[in-house]
Structure formats: C-alpha cells, structure tokens
Amino acid sequence: MNTTTNPKQPPRRMLLAAMGVLLAVLLLGAGGFMWLAGGGTGGNAVGIGGPFTLEDGSGKPVTDRDFRGKYMLVYFGYTFCPDVCPTTLSAVADAMDKLGPDAARIRPLFITVDPRRDTPPVVKKFAAAFGPEITGLTGTPEQIARVAKEYRVYYAEHRTGPGPDDYSMDHSSVLYLMDPKGAFLAPVRADETGDEIAASLRKLMG
C-alpha cells in the first residue's frame, strides 16, 4: 500500500484547525461574530447596539435610555424556545446571584424575536420565572426587526407544521454587554455556566 504524503495536501492539523473555527462559528451563531465587520450606527465603532423602543411586560414603552447608568446584558430569544433560551437565562440568573452587590450594576434584558406569540404578558411571565432582575421586552415585528439589526442578531422562522403556531425560531445566541452609556463593551458566551458568566462580567466591568 502506498502511504506517500501528497505535498499538495494541507497538513492534517491545519484541516482540524479550520474545522474547529467553522464549528465555533456554527455553535455561537451568526450574530456572535458580526461585530468583527466594523462600521455600524449610533456612534458605536464596532456597530453593535443602538437606540430602541420596545414594550415591557406591562405594555409600557421602554427605550435604551431607560437603562443609562447600568450595564445592560442583552439576550435575544423567544419564550417557546425548547432549551437554549431557558438554559441561558438560568445561567444569567445564577450569575446575578454569584455577583452579589455587583449585580445592582447590571440590568439583564431578554428581547424576544417572536413578537407574534410573545406578547407583553407572555414575556413578563417568562422572564419572571428566572428572576426579578431580568426584564422581558417585546414590540411590533418592525420594532423587533430594528433592534435585531442594531445588535446584528440573526433570526428566522422555521416552519414545523401546517398550523399557525407550528414553527420555531432559529436565532443567534450571544449575550451582549453594553456599558452604562449604552455602547457595546463585549460579547459574553451564552453557553457558559453562571459562575463563568459572573467571572466574565466582573472582569469586563472592572
């Protein structure tokens, strides 16, 4: 059997490295790496974040300016999400507990990408299930599309059957840490444990 290596073939370790990078991109989702593109709006050099107007669980209008003076930890998902969203919000709630007094400096926000089903009462109940410190926000489809664009978030409806509610939502899964002035500070991995998220937040907030 001929075992001679073809000099034109890339080394095995290079192939494995390339596969690893591709896997990381797929796992974190499209939104996880889009800040690398630069540009953007709202004075943000990396193009993540910007002004928004949404509704809280009571149907009250809420804007990004309502959170000035606090770090915002923003997560996009939906209440019918079977696993990723509940797991992430549970970890966020755990991280807030681990942070102790420093938790008062942060406002975690859950913004739905499924506004048709996620009405204000629905997002209020969903967010409250994880802790009082998490604020659920929704809005019109146009408002959600606008804020998702500001944060470079990917989301799309995935049909699972013929009924009106037979669908799930594909979406990127990243936690966005915004500084007290509303500017993008850094991404936080959404697949980390509460301890890991708390450690990342402590380091990023200084």
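Let me sum up the structure you'll find in this document.

Conventions adopted
- Residues numbered from 1 in each chain as written.
- Predicted model: local features only at pLDDT ≥ 70, side-chain atom pairs only at ≥ 80, totals over all residues.
- Heavy atoms only, no water.
- Salt bridge = Lys/Arg side-chain N within 4 Å of Asp/Glu carboxyl O.
- Buried < 20%, exposed > 50% of the residue type's maximum accessible area, 1.4 Å probe, protein only.
- Pairing = 2+ DSSP bridges.
- Helix = DSSP H or I, 4+ residues; strand = E, 2+ residues; numbered from the N terminus.
- Axes fitted to C-alpha atoms, helices over the stretch in contact; angles between N-to-C directions.
- Contact = heavy atoms within 4.5 Å.
- Core = buried A, V, L, I, M, F, W, Y, C linked by side-chain atoms within 4.5 Å.
- Expected span 1.5 Å × (residues − 1).
- Right-handed = clockwise from strand over helix to strand, strands pointing away.
- Phe/Tyr/Trp six-rings, centres within 6.5 Å; stacked < 30°, edge-to-face > 60°.
- Lys NZ or Arg CZ within 6 Å of the ring centre and 35° of its normal.
- Lys, Arg positive; Asp, Glu negative; His and termini not counted.
- Polar contact = N/O pair within 3.5 Å; in protein donor to acceptor, adjacent residues only side chain to side chain.

### A word on the pattern of salt bridges
In step 1: Under the criterion given, the structure shown has 7 salt bridges.
In step 2: The partner of D114 in a salt bridge is R117, with the nearest N and O atoms 2.7 Å apart. As far as burial versus exposure is concerned, D114 and R117 are alike and both buried.
In step 3: Between D191 and R189 there is a salt bridge, and its shortest N-O distance comes to 2.7 Å.
In step 4: Residue classification places D191 among the exposed residues on the basis of a relative accessible area of 51%.

### Observations concerning the sheet that holds strand β8 (residues 174-178)
In step 1: Overall, mixed pairing links the 5 strands, which are arranged β5-β4-β3-β8-β9 in an open sheet. Edge strands, defined here as strands with exactly one partner in the open sheet, are β5 (135-137) and β9 (184-189). Strand-to-strand, the axes of this sheet are offset by a mean angle of 25°, without reference to chain direction.
In step 2: Helix α3 (residues 120-128) rests against β4 (106-112) and β5 of the sheet, and its axis sits at about 150° to β5.

### Side note on the nonpolar core
Note that soluble globular proteins tend to have their nonpolar side chains buried in a common cluster.
In step 1: Counting residues in hydrophobic clusters, the biggest one holds 52 residues, and the most contacted among them are V74, F76, Y151, Y176 and L201.
In step 2: Per element, the largest residue contribution to this core is 8 residues, and it comes from helix α2 (residues 84-99).

### Regarding the environment of D165
In step 1: Structurally, D165 is set in the loop between β6 (155-159) and β7 (167-171).
In step 2: A residue is classified by how much of its surface remains accessible, and D165, at 43% relative accessible area, is partly exposed.
In step 3: Residues D165 and R116 lie 49 residues apart in sequence; the distance between their C-alpha atoms is 9.6 Å.
In step 4: Excluding its chain neighbours within four sequence positions, the residues that come into contact with D165 are R116 and R117.

### What to know about α2
In step 1: Between its terminal C-alpha atoms α2 stretches 22 Å, which fits the 22 Å expected from 16 residues at 1.5 Å a residue.
In step 2: Residues C85, T88, L89, A91, V92, A93, A95, M96 and L99 constitute the buried set of α2.
In step 3: Against the buried residues of α2 lie β3 (71-77), β4, α3, β7, β8 and α5 (194-205).

### Observations regarding the pairing of β3
In step 1: Counting buried positions along β3 yields 7 of 7 residues, so the element is predominantly enclosed.
In step 2: Burial along β3 is two-sided: Y71, L73, Y75 and G77 facing one way and M72, V74 and F76 facing the other are all buried.
In step 3: Sheet topology note: the β3/β4 ladder contains 7 bridges and is parallel. Following the sheet pairing, F76 is matched in β4 by I111.
In step 4: Note that the unit made of β3, α2 and β4 has a crossover that is right-handed.
In step 5: Of the strand pairs in this sheet, β3 and β8 are connected by 4 bridges, and their pairing is antiparallel. Across the sheet, M72 pairs through a bridge with M178, a residue of β8.

### Quick word on the packing of aromatic side chains
In step 1: A full pass over the atoms with the stated rule returns 6 aromatic pairs.
In step 2: Judged by centre distance (6.3 Å) and plane angle (85°), the ring pair of F76 and Y176 falls under edge-to-face. With F76 in strand β3 and Y176 in strand β8, this pair connects stretches of sequence that are 100 residues apart. Each member of the pair, F76 together with Y176, is buried.
In step 3: Note on F126 and F130: the rings are 5.2 Å apart at their centroids and 70° apart in plane angle, and the pair reads as edge-to-face. For the pair shown, F126 and F130 are each scored as buried.
In step 4: Here the aromatic residues F76, Y151, Y176 and F184 are joined through ring pairs into a cluster of three or more.
In step 5: One Lys or Arg, R117, reaches over the ring of F80 and ends 4.2 Å from the middle of that ring.

### Some points on the side chain of E192
In step 1: Among the secondary structure elements, E192 is positioned in the loop between β9 and α5.
In step 2: One buried charged residue, E192, remains without a salt bridge, the closest side chain of opposite sign being R189 at 4.8 Å.
In step 3: For E192, the side chain forms a polar contact with the side chain of S200, separated by 3.4 Å.
In step 4: Every residue in contact with E192, bar those within four places of it in the chain, is listed here: A91, I197 and S200.

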